[in-house]
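The primary structure of each chain is shown beneath.
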Number of protein chains: 2
Amino acid sequence: MTRLLIQNCNVLSVPDANTVAVRENQDIVIEGAQIAALLPSGQADVGHFDEIIPADGLLAMPGLINTHAHTPMVLFRGLAEDVPLAVWFNEYIWPLENNLIEEDVFWGMSLGIAEMLRAGVTTVNDHYFHMHQAAEAVKQAGSRALLGWAVFSSGGTDLLERSAAFVEEWQDSAEGRIHTILAPHAPYTCSDEFLRMCADLATSLNTGIHIHASENHEQTRVSLAKYGKTPVQVLEAAGILDRPTILAHACGVTPEDISLIANYGATVAHCPKTYMKLAMDIAPVAALRAAGVPVGIGTDGAVSNNTMNLWEVLRIMALAQKEITREAEALPLAETLYIATRGSAKTLGMENEIGALEPGYLADIALLDLSGMHHQPVHNVAANLVYNMEMADVRTVLVNGKVLMRDRQLLTINERDVVAYAASARERLSRRLPQHRIQTYAP
Amino acid sequence: MTRLLIQNCNVLSVPDANTVAVRENQDIVIEGAQIAALLPSGQADVGHFDEIIPADGLLAMPGLINTHAHTPMVLFRGLAEDVPLAVWFNEYIWPLENNLIEEDVFWGMSLGIAEMLRAGVTTVNDHYFHMHQAAEAVKQAGSRALLGWAVFSSGGTDLLERSAAFVEEWQDSAEGRIHTILAPHAPYTCSDEFLRMCADLATSLNTGIHIHASENHEQTRVSLAKYGKTPVQVLEAAGILDRPTILAHACGVTPEDISLIANYGATVAHCPKTYMKLAMDIAPVAALRAAGVPVGIGTDGAVSNNTMNLWEVLRIMALAQKEITREAEALPLAETLYIATRGSAKTLGMENEIGALEPGYLADIALLDLSGMHHQPVHNVAANLVYNMEMADVRTVLVNGKVLMRDRQLLTINERDVVAYAASARERLSRRLPQHRIQTYAP
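**So, the nonpolar core**
1) Next: Ranked by internal contacts, the top residues of the largest apolar core, which has 324 residues, are Ala 60 and Cys 198 of chain A together with Ala 60 and Cys 198 of chain B.
2) Next: Residues within four places of Ala 60 of chain B in sequence aside, it is in contact with Ile 6, Cys 9, Asn 10, Val 11, Leu 12, Ile 28, Ala 55, Leu 357, Ile 365 and Leu 367 of chain B.

Take a look at the structure:
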């Protein structure tokens, strides 16, 4: 078992939503994939380690957790700007995705993981197509992922068999870094019967479900008019909520929906840069959390969020909650950092494995350099983390006890190859024939 | 006269609010402080130049213009988090500013300019205290600034004499890089009589006025109840609007105020990260622009904005306007970039000098590297500029024809000295005695 020592860092601790602490001058002892101990610097016998990472003055924190993404969509970024949700889907995204070939998903996933590692993001919950290619990219990159193969009921039940085969092939693979989940797209693209089949399949495979739900109040109104049920109630009726469920967005939820989500123990992935960009409703994070619903942060795809930089999402979450509640006290620093760490881990059901730097947790660690001019002077580390972070402040990143980025050099992804693929595919990927779309948005 | 060649860059052009163009493979010829010519690469005789800056693959754009800041407040950043405006002023900012000594302003300004240059920001319109120290920092740094010494009527009319002396000493100094302006704080901290004296002084000095106005709808309501006039009407009645006036914020303006601002030719500095952070109202950028009011972007101080990174302000402006208007088409890419360039220049009355890369304009230039993973593949340069930029993407910065940052190395500011000063002053600056405040907020 490899033994690794991160030497003399300061360690961020966010034990609950009211507390941020920094323990100074710590050594982090890593054995295999796990954190074995945190010790005051100088106590560990340096002769015992296979590798020592000097970290003087750096801040160690849990790698960030992206709770909702369509990572390979980085290949399309910049192609759908300044358009509302229905146009975005019907005239841009779904016609563009008609261009997608399997190989694109491997390279797009690799590109997005490279960008995420550079931002200190170590885990992603991804919902996309051709997911065996995404899994291969995660396997090679060394990062952590929860992967679900997106399905619509219009594709027929064959899709469910393929999803099941994907789960069986990849569950707990890549030294345990890859977990799988079922990923029906949304109540408005999946029939009740199809959702019921997904729920049953999830039971038989013992997986959870990752689904878009209640993306805005319009979807809720339309759903109530058509079915007499909100999108969340549709999911309940189909048995989806009986499984561990991650709801992406939940922007259009009613107070009753919030109770329902809380009672079933479902969680919410929150992607506020997307909501503002597409002029959607902004999910009521405070109300969800007050009801006990775990909330995590996500980038969504890069055709709405434009980047995979989760730091920016974090601060936009806090800013947007302050704005919509008209309370500057909303989403204070500690709660915001809690959501970024333990909250996001809990959203994925991984709160005992990631989201904290403690003995027994997996060694998914970002080492941050706060010496940049935009952080000086450091009166308040928590404020710097929420409001000042730049991707370039992330120096070194470990996942599962392995160094994936050292001093801003990626060790497992060949960025030149990734960029060359993206450049060569750019023109093909940007063609749009709206009549050739993979799906139609009509909530 | 020094001749400088930026060789083989791509040049951003935003001629109006509907058009973004990139001219590829251009050489920029700089003579003294000005851009002399843009030529297709290879046409210039390289033997004629004192310095050649290779810029293959880099994007040249006008240096960003920060239209409203209190730059030296970087020294206090992180000290006033998660509090509403009145508490922010009365319990934090004004007690903290009681700690300020003259020397702090030189070092705080230097720190903030360093941060801005690293973000490609070349001009700042600054509103603060001890401005001879700020001017000295700008002079030494080589950047461009419009500087006004903040005054309250509670300080008495001596302050106006000092403002006048500052204007007379520094107007058009530092090779023309420093301009000055009068800076009464706000209608709620300056009596009508004091505002009238400021307006008269501005006339006699032939300067403009930079003032906070209508920061939220509450100020407008209170002003109407007290005086029967909105804050903008108060400024009109005092003769302020007869001078070229830059209004910071204008978040609480009425439709009549907007007409008034437009009719007088006043301009608006927009700082949306601050508005969201303090749960304030967000200024109606679309309505202001529709009325013909020039709008520019600003960071405000770093105790509300937390950084001086104007790229982030730019995208938050677009995102917030989409959200408050519920129109994803609001503030499209071209208009957003127009506001960042010519719009911000016009806000400061400098539209014939800065904000565009054309012959005759001052050579204030940022060279950007869009090769980072977070930009790839580049389908749409305008989208990348608005939504993806990181400070670290800014490679090289020139102001007034001189290189101030080359390949991310600052040439005119000793960052080690600046950081050392900030660290040594940190504890002193963070002491708060609310009874010792420089002013009280009671709109």
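After presenting the structure, the write-up continues.
**Topic: the packing of helix H4 (residues 158-170) of chain A against helix H5 (residues 192-205) of chain A**
When two helices pack together, their arrangement is given by the angle between their axes and by how far apart the axes lie.
Residues and elements named next belong to chain A.
1) Next: Relative to each other, H4 and H5 sit at 25°, their axes nearing to 11 Å. Classified by the interaxial angle, the pair formed by H4 and H5 is roughly parallel. For the crossing formed where H4 meets H5, the hand is right-handed. Contacts from Leu 160, Ala 164 and Val 167 in H4 reach Met 197, Cys 198, Leu 201 and Leu 205 in H5.
2) Next: Here the contact of H4 with H5 is built from residues that sort into 7 nonpolar, no polar and no charged.

**Points about helix H14 (residues 415-430) of chain B**
In an α-helix, one turn spans 3.6 residues, which is why side chains three or four residues apart end up on the same side.
Residues and elements named next belong to chain B.
1) Next: Between its first and last C-alpha, H14 extends 21 Å over 16 residues, near the 22 Å set by a 1.5 Å rise per residue.
2) Next: Where H14 bends most, the angle comes to about 40°, and this point is Ser 424.
3) Next: Turning to H14, its buried residues number three or more, namely Val 418, Tyr 421, Ala 422 and Leu 429.
4) Next: The inward-facing, buried residues of H14 abut helix H1 (85-97) and helix H2 (102-118).

**Let's talk about the domain arrangement of chain A**
Interfaces are frequently sized by the accessible area removed from exposure as the parts join.
All names here are of chain A.
1) Next: Looking at the assigned domains, one finds that chain A contains domain 1 (3-62 + 356-410) and domain 2 (64-347).
2) Next: The distance between the C-alpha centroids of domain 1 and domain 2 comes to 28 Å.
3) Next: Across the contact, 26 residues belong to domain 1 and 26 residues belong to domain 2.
4) Next: Elements that contribute at least two residues to the side of domain 1 that touches domain 2 include exactly strand E1 (3-16), strand E2 (19-31), helix H13 (381-387), strand E15 (394-399) and strand E16 (402-406).
5) Next: Per element, the largest residue contribution to the side of domain 1 that touches domain 2 is 5 residues, and it comes from H13.
6) Next: Here the side of domain 1 that touches domain 2 is composed, by residue class, of 20 nonpolar, 3 polar and 3 charged.

**Remarks on the relation of the copies chain A and chain B**
The operation relating the two chain copies consists of a rotation about an axis and a shift along that axis.
1) Next: Overlay of chain A on chain B (RMSD 0.0 Å): rotation 180°, translation along the axis 0.0 Å. Here the symmetry operator amounts to a two-fold rotation axis.
2) Next: Looking at the interface residues of chain A, 100% of them are also at the interface in chain B, so both copies use one shared face.

**Section: the interface of chain A and chain B**
1) Next: Across the boundary between the two partners, chain A contributes 49 residues, which contact 49 residues of chain B.
2) Next: If you tally residues by element for the side of chain A that touches chain B, the top one is helix H14 (residues 415-430) of chain A, at 6 residues.
3) Next: By residue class, the composition of the side of chain A that touches chain B is 23 nonpolar, 11 polar and 15 charged.

**Regarding the confidence of the model for chain A**
Residue and element names in this part refer to chain A.
1) Next: Averaged over chain A, the pLDDT score is 97; the fraction of residues at 70 or greater is 100%.
2) Next: Mean pLDDT across the elements of chain A ranges from a minimum in helix H1 (residues 85-96), with 94, to a maximum in strand E14 (residues 365-368), with 99.
3) Next: Both scores are given for the predicted complex: the pTM is 0.97, the ipTM 0.97.

**Brief notes about the pairing of strand E11 (residues 245-249) of chain A**
All names here are of chain A.
1) Next: With respect to burial, E11 is a largely interior element, 5 of its 5 residues being buried.
2) Next: Both strand E10 (residues 209-213) and E11 contribute to a ladder of 5 bridges, which runs parallel. Of the residues in E11, the one forming a bridge with Ala 213 is His 249.
3) Next: Relative to strand E12 (residues 267-270), E11 is paired through 3 bridges, and the arrangement is parallel. Its bridge partner lying in E12, Ile 246 is registered against Thr 267.

**A closer look at the environment of Leu 39 of chain A**
All names here are of chain A.
1) Next: Position of Leu 39 among the secondary structure elements: in strand E3 (residues 34-40).
2) Next: In sequence terms Leu 39 and Leu 357 are 318 residues apart; their C-alpha atoms lie 12 Å from each other.
3) Next: When sequence neighbours within four positions are dropped, the list of residues in contact with Leu 39 reads Gln 26, Asp 27, Val 29 and Ala 44.

**Details of unusual backbone geometry**
Residue and element names in this part refer to chain A.
1) Next: The residue after Gln 376, namely Pro 377, is reached through a cis peptide bond having omega -15°.
2) Next: Mapped onto the secondary structure, Pro 377 falls in the loop between E14 and H13.
3) Next: The backbone of Ala 250 sits at a positive phi, close to 50°, despite the residue not being glycine.
4) Next: Overall, Ala 250 belongs to the buried group, with 27 C-beta atoms counted inside 10 Å.

Rules used in this analysis
Residues numbered from 1 in each chain as written. Chains lettered and ligands numbered in written order. Predicted model: local features only at pLDDT ≥ 70, side-chain atom pairs only at ≥ 80, totals over all residues. Core = buried A, V, L, I, M, F, W, Y, C linked by C-beta atoms within 7 Å. Buried ≥ 20, exposed ≤ 12 C-beta atoms within 10 Å, placed from the backbone. Contact = placed C-beta atoms within 7 Å. Axes fitted to C-alpha atoms, helices over the stretch in contact; angles between N-to-C directions. Helix = DSSP H or I, 4+ residues; strand = E, 2+ residues; numbered from the N terminus. Parallel < 35°, antiparallel > 145°, perpendicular 65-115°, else oblique. Left-handed = near helix turned anticlockwise from the far one by under 90°. Nonpolar A, V, L, I, M, F, W, Y, C, P; charged D, E, K, R; others polar. Expected span 1.5 Å × (residues − 1). Bend = angle between axes of the 7 residues up to and from the residue. Domains from an automatic or database assignment. Least-squares fit on C-alpha atoms with pLDDT ≥ 70 in both. pLDDT = per-residue confidence, 0-100. Pairing = 2+ DSSP bridges.

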